[in-house]
Amino acid sequence: MKAKKILIIDDEPAICKALQISLKSEGFEVDTAFSAKEGIKKFKGFLPDVVILDLRLPDSDGIKVMESIKAIERDTIVILITAYGDTKTAVEAVKKGAYDFITKPFDLEELKITLKKALKEKALLEENHILKSLQGKSAFITKDNEILNFFSQIENMANTDCPILIEGETGTGKEVMAKMIHESSDRRTKPFIPINCSAIPANLFESELFGYEKNAFTGATERKKGLIELADGGTLFLDEVGEIPLELQAKLLRFLEEKAIRRVGGLNYIPVDVRIISATNRNLKEEIERGNFRRDLYYRLCVVNFKIPPLRERKEDILPISEHFLKVFNTQFNKNIKGFTEKAKEIFLDYSWPGNVRELRNIIERAVIIARGEYITEKELPLEMRGSIDDIVLEKYPKTDVIPLEELEKYHIKLALEKTGGNISKAAKLLGISRFALQRRIKKYFESD
Ligand SMILES: Nc1ncnc2c1ncn2[C@@H]1O[C@H](COP(=O)(O)OP(=O)(O)OP(=O)(O)O)[C@@H](O)[C@H]1O
């Protein structure tokens, strides 16, 4: 079994040293830091199972440090060291998520017992997450509480006809989530039919969705079932539903109300039983206000609604998803890469992921392909993840070289997204282009699959 890792953050070197020696002799891997800043930096690379943290540090207080740590990896066990008489703050810290606290001067044996108990509980917790995320065949890997709660709500829902609208930025996993919902419903033995509404030309939309009769139009030499009919008994996934042209929205609404379709050129209504899951990366309420999306259709599609947070807002998912893709691509490319170096993990956790999980997947795929060592290091990661624009440009191009415009554009987009915390509308404004134009470029530069 891999040794459990412990990080000690305390400004008293004597305490750090004593703890380090004692815990190492118990078989733990131990690192130390003497300030909050150093502690958080080491945390990102070392990713310990347990942090033993002094409540009073020279540059910050322990509770703030604990909050930063938990924002990166929620399940980290934090054990606080407090001064005698500081119980009030210690209790507050435990309420905020610390596992326990010990008071100085402390008994080493007592600390070891607390540690072992905490590690046992953590192992149970992790098992639970893995089980939860693997229930369906399409694993949606997550540790995010909001998402896990939503899954359990859906699983408990007796009515598997209930339409669901999934919102979220591009690449956040809306389709994987839809598939997982289908696979955990009573409809799982019937088809799951995804339709990318933005990829079907407007003039073909009706015939693709509703099918057509022979001779309905020139070229209709055979009768053809539409995608809705093909999904009969199962689930229809309408991806990018906000892109459906207005005139077709009326037809879709009619189908949802009557639960029957009429093929193009056909006379009869054919009953079809499907559950609709739709997804959008647009704000449909805004589209309704602009007159681009029908309000009545919105309410039909959005009986249950869930917004998947972007990856940068669920940092605890970054490393588990990375490990998952590492396994996938190790198998696919016949490699045996064992993991990521601490520096690489640190870069992953600091990066803003404008293309979300799709971008992460592409980066790991590329890294697995180019890696030659046992671990993925920062060298296998794209330059733009590794530093500021100046560093990158300087590293790649000598001062006298002309930098390709595409490259500059890419870095500026990243900068704008970073400055606006990933808010696409605000970033587009900063860059002086439309939201749509920015989205197209994000797709091009950060999600190439
Ligand atoms: N939580 C997750 N666990 C495992 N894989 C994921 C997860 N989220 C996304 N992925 C993977 O990331 C990629 C993008 O996911 P998906 O197509 O579901 O995103 P999306 O939100 O539907 O994107 P778009 O809005 O561009 O259609 C896929 O390869 C998918 O398998």
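As a reminder, the structure under discussion sits directly above these lines.
What counts and what doesn't
Residues numbered from 1 in each chain as written. Predicted model: local features only at pLDDT ≥ 70, side-chain atom pairs only at ≥ 80, totals over all residues. Helix = DSSP H or I, 4+ residues; strand = E, 2+ residues; numbered from the N terminus. Buried ≥ 20, exposed ≤ 12 C-beta atoms within 10 Å, placed from the backbone. Contact = placed C-beta atoms within 7 Å. Pairing = 2+ DSSP bridges. Axes fitted to C-alpha atoms, helices over the stretch in contact; angles between N-to-C directions. Core = buried A, V, L, I, M, F, W, Y, C linked by C-beta atoms within 7 Å. Domains from an automatic or database assignment. Near = placed C-beta within 6 Å. Nonpolar A, V, L, I, M, F, W, Y, C, P; charged D, E, K, R; others polar.

**Examining the environment of Arg 312**
As for its position among the elements, Arg 312 is in the loop between β14 (304–307) and α13 (318–332). Overall, Arg 312 belongs to the partly exposed group, with 19 C-beta atoms counted inside 10 Å. With 36 residues separating them along the chain, Arg 312 and Phe 348 place their C-alpha atoms 9.9 Å apart. Among residues more than four places away in sequence, those in contact with Arg 312 are Ser 352, Trp 353 and Gly 422.

**Side note on the sheet that holds strand β5 (residues 100–103)**
A sheet is described by the order of its strands in space; here five strands give the open sequence β2-β1-β3-β4-β5, paired in parallel fashion. Looking along the sheet, the strands with just one partner apiece sit at the ends: β2 (29–33) and β5. With direction set aside, neighbouring strand axes in the sheet form an average angle of 20°. Note that strand β1 (residues 5–9) and strand β3 (residues 50–54) share four bridges and pair parallel. Each bridged residue has a counterpart across the sheet, and for Leu 7 the counterpart in β3 is Val 51.

**With respect to the nonpolar core**
Membership of the largest hydrophobic core comes to 59 residues, with the highest contact counts inside it found for Ile 166, Ile 228, Leu 236 and Leu 360. Composition of this core by domain shows at least three residues from each of domain 2 (145–307) and domain 3 (314–381). Sequence-distant contacts of Ile 166, that is, excluding residues within four places in its chain, are made with Lys 174, Met 177, Ala 178, Ile 277, Ala 279, Phe 306 and Ile 308. Residues Phe 28, Ala 33, Ile 77 and Leu 80 belong to the second largest nonpolar core, which totals 31 residues.

**Observations regarding the site of the ligand**
The immediate surroundings of the ligand are formed by 20 residues, with Ile 141, Gly 173, Lys 174, Glu 175 and Val 357 found nearest. Every element with two or more residues in the shell around the ligand is listed here: α7 (174–183), α13 and α15 (356–370). By residue class, the composition of the shell around the ligand is seven nonpolar, eight polar and five charged. Looking at which domains feed residues into the shell around the ligand, each of domain 2 (145–307) and domain 3 (314–381) gives three or more.

**With respect to unusual backbone geometry**
The omega torsion across Lys 104 and Pro 105 is -10°, close enough to zero to call that bond cis. When you line up the elements, Pro 105 lands in the loop between β5 and α5 (108–133). The backbone of Lys 259 sits at a positive phi, close to 55°, despite the residue not being glycine.

**So, the environment of Gly 242**
In this structure, Gly 242 sits in the loop between β10 (235–239) and α10 (246–258). Residue Gly 242 is classed as buried on the basis of its 22 C-beta neighbours within 10 Å. A C-alpha to C-alpha distance of 8.2 Å links Gly 242 and Asn 292, two positions 50 residues apart in sequence.

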